[in-house]
Amino acid sequence: MPDWVTMDDPGGTDHGRARTDAAFLDRLLQAGPYVTATATADGTFTSLRGPVFELFGYTADQIVGTNFLDHVDLESDPRQIESISYALEHEGLRLPMLFKVNTATGTTRMVEVIANSALQDEMIQGLAVFIRPFDERLLLDEVLESMAAGRRLSQTLMLAVEVLSSETLACQGVIAFKPGPDSFTAMVATAQIGAPRAPRAPVDPPPANLDVSDPSLPWNRARATGEEQLIPIGELPELWAKEVAHLDVAACWAVPVRAATTDRVEACIIVWRPMPEPPEPSHHVSMDRLVRLVSLAIDRDHQSAQLLYAARHDSLTALPNREQFFTRLERELGRARLDHTNLAVLYVDLDGFKPVNDRYGHLAGDAVLIETSRRIERAVRPGDLVARLGGDEFAVICPDIRPGSDAPIASAGPDRARPVRHPDADVSAIATRLIEALSIPITIGEAMVAVGASVGAAIARVDDEPDTVLDAADRALYAAKAEGKGRWVAADR
């Protein structure tokens with residue numbers, strides 16, 4: 001066998017000398033992080049050393065004599081067979097290969113395999129194979145891919161939480177994100193792929209309903225202080241010690257996640273550790289990497305939400321814009337058909353707005369539009385949608401309106417001579433409140449600006465499309481303008 005150079009007298013001056021102790025070499029391989037194996041030219045294992053049971057859930061004796069392909073999940077990537085064939089056909093050390101393998105517990109895990117084809121070596125006469133877990137790196141890649149693909153934050157964090165169960169941390173836990181004043185939304189780690197847990201039977205996952213009222217709990221301390229917490233199970237309230245008793249854990253490690261976009265603690269990684277000792281440096285390195293990824297995922301979610309909000313809302317008034325108005329109107333029309341309810345659209349146009357811009361300037365005009373939008377929101381009912389369609393034009397979607405009287409009534413306005421028929425009592429009340437609210441002068445600096453509004457209303461018919469009912473309300477608005485402004489008219493449909 002090859003010589004193993006050792007120093008018999010570490011404190012002396014002797015140079016190292018060759019040692020060929022087979023037992024020594026065997027113990028060294030057994031204590032290593034790799035599963036070291038030999039295999040025949042067709043891939044049949046002839047010997048294995050190292051953490052075989054932790055990796056596969058089988059003992060070395062159970063695997064010797066089986067073929068490597070017996071343990072590979074070939075459905076995950078058929079090209080894995082090509083990798084094996086290539087390694088067998090070429091002498092020397094091969095580049096690392098990735099394989100998904102089946103374990104004794106019925107789960108799969110990713111491993112990195114390095115093969116050295118030594119068919120001509122008189123002792124090996126086959127392959128020297130080195131296998132190590134690769135779950136953590138693969139899972140981290142999947143988190144990055146999920147972010148790049150623009151998936152929902154919950155989907156990305158569901159992948160991130162599995163990192164807790166991978167080879168370095170080897171723990172169960174949850175990632176609690178978007179903490180609100182009353183509750184967490186928690187993603188639970190349920191994977192059983194951690195090194196010492198692979199052969200175990202599955203257990204119930206850690207609790208996801210997290211108490212945010214008790215300041216002594218580690219995740220609440222982490223949120224409040226912005227610093228990680230390590231709390232022994234014995235120091236947790238008795239209720240929580242019982243909640244995690246099935247996990248056979250000794251301590252809770254809570255690590256806050258601060259998002260760059262808000263500079264606030266937006267999430268907390270909660271790890272239930274089987275040992276009470278402080279995390280090792282390697283655990284901190286792995287956790288720091290996970291914290292950065294979770295922070296990036298939350299930041300990306302915030303940025304996506306901001307972009308989506310900007311695409312759907314008017315930049316001046318923050319009201320839904322024309323695109324969002326039509327999206328919502330289409331949805332509400334469909335719901336009204338299904339529920340057999342009435343829906344109205346009110347088209348609102350300011351009277352005398354152009355002179356404000358001409359006399360006081362566009363900044364004053366913007367101030368009038370902002371105040372107008374707030375007044376319209378206060379005048380309508382809860383659940384009604386107010387949108388700015390452009391310029392000084394607004395629209396209101398009013399779902400679930402009550403049927404009104406068929407009796408003729410006068411239009412609301414300074415001149416109540418013209419009788420009109422309106423189909424809904426709610427529409428009359430809402431339109432009247434809008435006109436009254438917008439008739440009150442608006443203070444701009446030292447000036448009092450008097451505008452007003454005209455309103456056109458249309459009750460949606462069963463076969464109406466969004467643009468059809470809005471066009472009807474628009475025609476009613478023009479009728480109100482033609483009659484002297486400051487009034488509302490219902491569309492004659």
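Here, every reference points to the structure presented above.
A few points on the structure. Counting restarts for each chain: residues are numbered from 1 in the order of the written sequence. In keeping with the model being predicted, local features are shown solely for residues with a pLDDT of at least 70 and side-chain atom pairs are shown and tallied solely at 80 or more, while totals for entire chains, interfaces and linings include all residues. To get the side-chain values, all heavy atoms of the structure are used, and hydrogens and water are removed first.

## Quick look at the overall build of the protein chain
Logical step 1: Helix and strand content of the protein chain: 14 helices and 22 strands.
Logical step 2: Evaluated residue by residue, the protein chain yields a buried proportion of 45% over its 493 residues.
Logical step 3: Sequence-distant contacts in the protein chain: of pairs separated by 6 or more residues, those separated by 24 or more amount to 57%.
Logical step 4: Carbon and sulfur atoms make up 53% of the accessible area of the protein chain, which amounts to about 25000 Å² in all. We count a stretch as a helix when DSSP gives it H or I for four or more residues in a row; a strand needs E for two or more, and each element gets its number in order from the N terminus. Only protein chains enter the area calculation, which uses a 1.4 Å probe; residues under 20% of their type maximum are buried, those over 50% are exposed, and those in between are partly exposed. Contact definition: two residues touch when any of their heavy atoms are within 4.5 Å. Method for areas: the Shrake-Rupley scheme with a 1.4 Å probe, in which residue coverage is limited to the protein chains shown.

## Regarding the environment of Ser213
Logical step 1: Take Ser213: it is sitting in the loop between β10 (185–188) and α7 (218–225).
Logical step 2: Within polar-contact distance, the side chain of Ser213 engages the side chain of Asp211 at 2.6 Å. The term polar contact refers here to a pair of N or O atoms within 3.5 Å; inside protein, the definition further demands a hydrogen-donor-capable atom paired with an acceptor-capable atom, and it admits residues adjacent in sequence only when both atoms are side-chain atoms.

## Describing a negative patch on the surface
Logical step 1: A cluster of acidic residues, Glu330, Asp463, Glu465, Asp467 and Asp471, forms a negative patch at the surface.
Logical step 2: Along the chain, the position of Asp471 falls in helix α14 (residues 466–482). Each patch is built from salt-bridge-free residues with over 30% relative accessible area, joining like charges within 9 Å and nonpolar side chains (Val, Leu, Ile, Met, Phe, Trp, Tyr) within 5 Å. A pairing counts as a salt bridge when a side-chain nitrogen of Lys or Arg comes within 4 Å of a carboxyl oxygen of Asp or Glu. Counting rule for charge: Lys and Arg are taken as positive, Asp and Glu as negative, and neither His nor the chain ends is counted. For the purpose of locating charges, the reference atoms are NZ of Lys, CZ of Arg, CG of Asp and CD of Glu.

## Re the environment of Arg475
Logical step 1: Summarising the element assignment, Arg475 is placed in helix α14.
Logical step 2: With relative accessibility at 56%, the residue Arg475 sits in the exposed group.
Logical step 3: As for Arg475 and Ala457, which are separated by 18 residues in sequence, their C-alpha atoms are 9.0 Å apart.

## As for α14
Logical step 1: Each residue after the first adds 1.5 Å to the expected span of a helix. Between its first and last C-alpha, α14 extends 25 Å over 17 residues, near the 24 Å set by a 1.5 Å rise per residue.
Logical step 2: In the stretch just after α14, Gly484 is the one whose phi turns positive, near 125 degrees.

## Quick word on the side chain of Thr36
Logical step 1: Here Thr36 lies in strand β3 (residues 35–39).
Logical step 2: Discounting chain neighbours no more than four positions away, the residues touching Thr36 are Leu29, Ser47, Leu48, Arg49, Val129 and Phe130.

## Some points on the packing of helix α10 (residues 322–339) against α14
Think of two packed helices as two axes; the pair is described by the angle between the axes and how far apart they sit.
Logical step 1: Note on geometry: axes are C-alpha line fits, over the in-contact stretch for helices, and angles between N-to-C directions span 0 to 180 degrees. Between α10 and α14, whose axes approach to 9 Å, the crossing angle comes to 110 degrees. As summarised for this structure, α10 and α14 are arranged roughly perpendicular, according to the angle between their axes. Contacts between α10 and α14 involve Arg322, Phe325, Phe326, Leu329, Glu330 and Leu333 from the first element and Pro466, Asp467, Val469 and Leu470 from the second.
Logical step 2: In this classification, the charged set is Asp, Glu, Lys and Arg, the nonpolar set is Ala, Val, Leu, Ile, Met, Phe, Trp, Tyr, Cys and Pro, and all remaining amino acids, among them Gly, are polar. Its residues assigned to classes, the contact of α10 with α14 comprises seven nonpolar, no polar and three charged. Should an angle fall under 35 degrees it is taken as roughly parallel, and over 145 as roughly antiparallel, whereas 65 to 115 is taken as roughly perpendicular and any remaining angle as oblique.

## Considering the packing of helix α5 (residues 135–148) against helix α6 (residues 153–162)
Logical step 1: Close contact between α5 and α6 brings their axes to 8 Å; oriented N to C, the two are set at 170 degrees. In terms of orientation, α5 lies roughly antiparallel with respect to α6. Residues Leu139, Glu142, Val143, Ser146 and Met147 of α5 touch α6, and the partners they reach there are Gln155, Thr156, Leu159, Ala160 and Glu162.
Logical step 2: Split into classes, the residues belonging to the contact of α5 with α6 amount to five nonpolar, three polar and two charged.

## Considerations on the nonpolar core
Logical step 1: In these notes, a set of buried Ala, Val, Leu, Ile, Met, Phe, Trp, Tyr and Cys residues joined through side-chain atoms within 4.5 Å is what counts as a nonpolar core. Core analysis: the largest hydrophobic core is formed by 34 residues, its most contacted members being Leu346, Val348, Val368, Ile376, Val427, Leu434 and Trp488.
Logical step 2: Elements represented by at least two residues in this core include exactly β14 (342–351), α12 (362–379), β16 (393–401), α13 (425–439), β19 (442–444), β21 (452–459) and β22 (488–490).
Logical step 3: Broken down by element, this core gets its largest block of residues, six residues, from α13.
Logical step 4: Among the nonpolar cores identified, the runner-up in size contains 28 residues, and Leu157, Trp253, Ala259 and Ala297 belong to it.

## Topic: the pairing of strand β7 (residues 108–118)
Logical step 1: Counted residue by residue, β7 has nine buried out of eleven residues, so it is predominantly covered.
Logical step 2: In this description, strands pair whenever DSSP reports at least two bridges between them. Sheet topology note: the strand β6 (residues 97–102)/β7 ladder contains six bridges and is antiparallel. Looking at β7, one finds that Val101 is bridged to Arg109.
Logical step 3: With antiparallel pairing between neighbouring strands as the criterion, β6 and β7 make up a hairpin whose turn holds five residues, including Gly106 at a positive phi of roughly 90 degrees.
Logical step 4: As paired strands, β7 and strand β8 (residues 126–133) are joined by eight bridges and run antiparallel to one another. Opposite Ser117, over in β8, you have Leu127 as the bridge partner.

## A few points about the sheet that holds β21
Logical step 1: Here five strands make up an open sheet; going across it, the order is β15-β16-β14-β21-β22 and the pairing mixed. The sheet is open, and its two edges are formed by β15 (385–390) and β22, each paired on a single side. On average, each strand axis in the sheet is inclined to that of its neighbour by 20 degrees, with strand direction left out of account.
Logical step 2: With eight bridges connecting them, β14 and β16 associate as antiparallel partners. In the sheet register, Asp349 faces β16, and the bridge partner there is Glu393.

## Thoughts on the pairing of β3
Logical step 1: Taken across its five residues, β3 has four buried, putting it largely inside the fold.
Logical step 2: One ladder, built from five bridges, connects β3 with β8; its direction is antiparallel. Along β8, the bridge assignment pairs Thr38 with Ala128.
Logical step 3: Looking at chain direction, β3 and strand β4 (residues 45–49) are connected through four bridges and run antiparallel. Bridging from a neighbouring strand, Ala37 pairs with Leu48 of β4.
Logical step 4: Counting the residues between successive antiparallel strands, the hairpin from β3 to β4 contains five residues, one of them, Gly43, with a positive phi of roughly 95 degrees.

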